[in-house]
Amino acid sequence: MRNLIFDCAVWVLLIIIPSRMSFSQQTKVPDGNPRGMYDESRVPRYNLPDPLILSNGEGVHDTIAWIEKRRPELLNLFETYVYGKPAVGRPEHFHWIVNPDSEVTDSSITKRVTLYFSENDLWPKLDVEIVLPRTGKPVPVFVVSTWYPDAPLLLSRGYGLVRYDAREIEPDDKDSAYTKGIRKFFDPPDRKQATADEWGTIAAWSWVASRVMDYLVTDKNIDSNKICILGFSRFGKAAMWAGALDTRFAIVFSCESGCGGATIVRRGFGETVRLINEQFPHWFNGNFKKFNDRVSDLPVDWHMLIALMAPRPVYLSTAEDDWWGDPRGTFLAAKAAESVFALFGEKGMNVSEMPPPESQVGSFIGYHMRKGRHGLTSYDMDLFMRFADSHFESNASK
Ligand code: GTR
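A brief structural summary. (Residues numbered from 1 in each chain as written. Predicted model: local features only at pLDDT ≥ 70, side-chain atom pairs only at ≥ 80, totals over all residues. Heavy atoms only, no water.)

### Focus: the overall build of the chain
Put simply, the rule reads: We count a stretch as a helix when DSSP gives it H or I for four or more residues in a row; a strand needs E for two or more, and each element gets its number in order from the N terminus. Think of it in three bands: with a 1.4 Å probe and only protein chains considered, a residue is buried below 20% of the maximum accessible area for its type, exposed above 50%, and partly exposed in between. Note on contacts: a residue pair is in contact if any heavy atoms of the two residues lie within 4.5 Å. Methods summary: accessible areas were calculated by the Shrake-Rupley approach with a probe of 1.4 Å, and residue burial reflects only the protein chains presented.
For the chain, the helix and strand inventory stands at 11 helices and 10 strands. Across its three principal axes, the chain shows a C-alpha extent of roughly 95 × 55 × 45 Å. Out of the 398 residues in the chain, the part that is buried amounts to 52%. Across the chain, every contact between residues at least 6 apart in sequence was considered, and the portion connecting residues at least 24 apart equals 66%. Carbon and sulfur atoms form 53% of the exposed surface of the chain, whose accessible area is close to 18,200 Å².

If you want it as C-alpha cells, here you go:
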C-alpha cells in the first residue's frame, strides 16, 4: 500500500512539474513590457467583423463594390469610432517654401522645405528634410516622422529619406495636444476640446503626412509613384491611418505599431483599448473610449485597416520580445485582411502559420518578426527595402 501511494505521488509529480514548468516558460514576459495580459490561453473567443460584408449585410464580391461601397464605409467607421474626423482637408492657404540652400554632393541632394498651413509664415508650420541619392533620375522615397532610420542606409540602396517631426504641429502630450496643436488652430477660438467624433492626435499626424505628400508629388527629384510611408510604434499607427486615407502612398510600412496600428484588439493581449485610451487619451477620438470595456462591439478591428491598403502592398513588422505590441495579433490581422487582397487577385502572406523569428514572408502583405525588443533597426530596414524593391522592380518591368 505504501509503495502504491509512493508510486502515485511520483506519477503526480512527474505530470505536474513539467506542465507547470512549460506554463511558466510560456508566461515569462520579456523585459521592457509593461504589466498586461500575456497569456495566450486567456485570449477570449472572438468573432472578427468580415471586411467583405457591408453594414447592410450584403456581400462584397468584386473590386468595384469594394472600392465604391465597402472601402468608404470602413474609412467612415474608423474615422467615426477610432481616429476622428479632421476639421480640414488641404487648407486653402497651404503653401511651402523650399529653402534655397540645397546641399548637393557627388552622391546626394539634401533639401529643406517648410510647409505653412495658413496665409502667414508663422506657426503652424512643418520643417521637412529631404535627402536623396543623386542618380540623375527621380528616386523612390520613404516618408518618416520623428523616429527614422539613418539616411546613408537608404541612400546606399537607391532610396531617399523624407523626414520631419509631426509633433511640431501637434505635441505628443495629453494635456497640451489639443490646446497647442493644429486641431485647435482650425477650431473656433472658444473651443476647449475636440468633440467625440472629431480627430485626435494620431489623425492630426496622419493629416500632416498627406500635406507632406502634397509637396512631394511636385518635387521633380522624387518618383511620385514610389512614395512609401513608414512609421515606428505610435508613428506606425499614424502611418497606417495616413496610408488608408491617402492612396498616393505606394506602400505602407508599419513597424511594431501594435494596438491602434495593426493588431487585433479583440484579443486583449498586451496593450488593450482601455490601457491605450487611459495612458494616451489624446491619440484617438472620444468615441473610441466608449469601447474600453466592450471591444467586441467595435464595428471594426485592425485587419480591416490593413485591408484598406489593398491593392497596394503593405508591410507589418513586429519584434519577438515586444509582447505589448502583440506580434501574433498582427500576424492574425494580416491573415484576416487577405480576403480583400484576393478580390484584386493579389496574394497576401503566402503562409498559413505564423513564421519563426527572422523569416520574411508575404507578397502583398509583408510580415516579419525580428528577434529582440521594441525598436526600428537596420535589420528591419533591410527587409523593408527588399520588399519595396520587389514591388517597384516588378512595376518597372510592367
Ligand atoms: C507605448 C504605447 C504603444 C506604442 C509605444 C511607442 O508606450 O503604449 O502604443 O505606441 O509607446 O510609441 O513607442
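### Remarks on the environment of Pro 152
Here Pro 152 lies in helix 3 (residues 151–155). Under the relative-accessibility criterion, Pro 152 is labelled exposed at 60%. Between the C-alpha atom of Pro 152 and that of Val 131, which follows or precedes it by 21 residues, the distance is 9.1 Å.

### Here's the deal with the pairing of strand 5 (residues 139–145)
Using the following cut-off: For two strands to be treated as a pair, DSSP must find no fewer than two bridges joining them.
With seven of its seven residues buried, strand 5 lies for the most part within the structure. Here strand 5 shows two buried faces, one formed by Val 139, Val 141, Val 143 and Ser 145 and the other by Pro 140, Phe 142 and Val 144. In this structure, strand 5 lies alongside strand 7 (residues 222–232), joined through five bridges in parallel fashion. Residue pairing across strands places Val 144 opposite Leu 230, the latter belonging to strand 7. Taken together, the five bridges between strand 5 and strand 6 (residues 160–164) define a ladder with parallel strand orientation. Bridge assignment links Ser 145 to a residue of strand 6, and that residue is Tyr 164.

### A word on the packing of aromatic side chains
Rule in force here: A pair of aromatic rings is counted whenever rings of Phe, Tyr or Trp (Trp by its six-membered ring) have centres within 6.5 Å, and the orientation is called stacked for planes under 30 degrees apart, edge-to-face for over 60 and tilted otherwise.
Per the counting criterion, the structure on display carries 31 aromatic pairs. Between Phe 142 and Tyr 159 the ring centres are 5.3 Å apart and the planes differ by 65°, which places this aromatic pair in the edge-to-face class. Of the two residues, Phe 142 is situated in strand 5 and Tyr 159 in the loop between helix 3 and strand 6; the sequence distance between them amounts to 17 residues. We note that Phe 142, like Tyr 159, is buried.

### Some thoughts on the site of the ligand
What counts here: The cutoff for a nearby residue is simple: one of its non-hydrogen atoms must lie within 4 Å of the molecule or strand. Contacts described as polar in this section are N or O atom pairs within 3.5 Å, which, within protein, must combine one atom able to donate a hydrogen with one able to accept it, while residues neighboring in sequence count only if both atoms come from side chains. Lys, Arg, Asp and Glu make up the charged group, whereas Ala, Val, Leu, Ile, Met, Phe, Trp, Tyr, Cys and Pro make up the nonpolar group; the residues left over, Gly among them, are polar.
Trp 147, Ser 233, Arg 234, Lys 237, Glu 271, Ile 276, Phe 280, Trp 283, Trp 324 and His 374 make up every residue found near the ligand. Between the ligand and Trp 324, the relevant distance is 2.9 Å, taken from an oxygen atom to a side-chain nitrogen or oxygen of the residue. Split into classes, the residues belonging to the shell around the ligand amount to five nonpolar, two polar and three charged.

### Comments concerning helix 6 (residues 234–245)
In an α-helix, one turn spans 3.6 residues; hence positions three or four apart end up facing the same way. Selection rule: Any helix carries an expected span of 1.5 Å times its number of residues minus one.
Between its first and last C-alpha, helix 6 extends 17 Å over 12 residues, near the 16 Å set by a 1.5 Å rise per residue. Extensive coverage of helix 6 is indicated by the burial of 10 of its 12 residues.

### Focus on the packing of helix 2 (residues 63–83) against helix 6
As a reminder of what qualifies: To get an axis, fit a line to the C-alpha atoms, keeping to the stretch in contact for a helix; angles then go from 0 to 180 degrees between the N-to-C directions. Crossing handedness is read from the near helix: turned anticlockwise from the far helix by less than a right angle, it gives a left-handed crossing, and turned clockwise, a right-handed one.
One way to put it is that helix 2 packs onto helix 6 with a least axis distance of 11 Å and a crossing angle of 145°. Here the hand of the crossing between helix 2 and helix 6 comes out left-handed. Listed contacts from helix 6 to Arg 71, Leu 75, Phe 78, Glu 79 and Tyr 83 of helix 2 are Trp 241, Ala 244 and Leu 245. In terms of residue class, the contact of helix 2 with helix 6 is made up of six nonpolar, no polar and two charged.

### A few points about the nonpolar core
Here is the rule: The term nonpolar core refers to a set of buried residues drawn from Ala, Val, Leu, Ile, Met, Phe, Trp, Tyr and Cys, joined through side-chain atoms within 4.5 Å.
Within the largest apolar cluster, 88 residues are counted, with the highest numbers of intra-cluster contacts made by Phe 78 and Tyr 83. The greatest single-element share of this core, amounting to 11 residues, is contributed by helix 5 (residues 201–216). Not counting residues within four places of it along the chain, the set of residues in contact with Phe 78 comprises Tyr 83, Gly 84, Trp 241, Val 300, Asp 301, Trp 302, Met 304, Leu 305 and Leu 308. If you look at the next biggest cluster of nonpolar residues, it comprises 23 residues, including Ala 250, Tyr 315, Phe 384 and Met 385.

### Quick look at the side chain of Thr 330
Inspection of the secondary structure assignment puts Thr 330 in helix 10 (residues 327–343). Excluding residues that lie within four positions of it along the chain, Thr 330 makes contacts with Ala 262, Thr 263, Leu 316, Thr 318, Gly 325 and Tyr 367.

### Considering helix 5
Spanning 16 residues, helix 5 covers 23 Å between terminal C-alpha atoms, matching the ideal 22 Å at 1.5 Å per step. Burial within helix 5 is extensive, with 16 of its 16 residues counted as buried.

### Thoughts on the environment of His 93
Secondary-structure assignment places His 93 in the loop between helix 2 and strand 1 (95–98). It is 4.9 Å that separates the C-alpha atoms of His 93 and Ser 118, two residues lying 25 residues apart in sequence.

### What about unusual backbone geometry?
The omega angle of the peptide bond from Trp 123 to Pro 124 is 5°, so this bond is cis rather than trans. With respect to the element layout, Pro 124 can be found in the loop between strand 3 (108–116) and strand 4 (125–133). A cis amide bond, omega 0°, links Ala 310 with the succeeding residue Pro 311. Here Asn 350, not a glycine, exhibits a phi torsion of approximately 65°, which is positive. Mapped onto the fold, Asn 350 is located in the loop between helix 10 and strand 10 (365–370). Even without glycine at this site, Glu 358 takes up a positive phi of about 60°. You can see Glu 358 is positioned in the loop between helix 10 and strand 10. Residue Glu 358 is classed as partly exposed on the basis of its relative accessible area of 34%.

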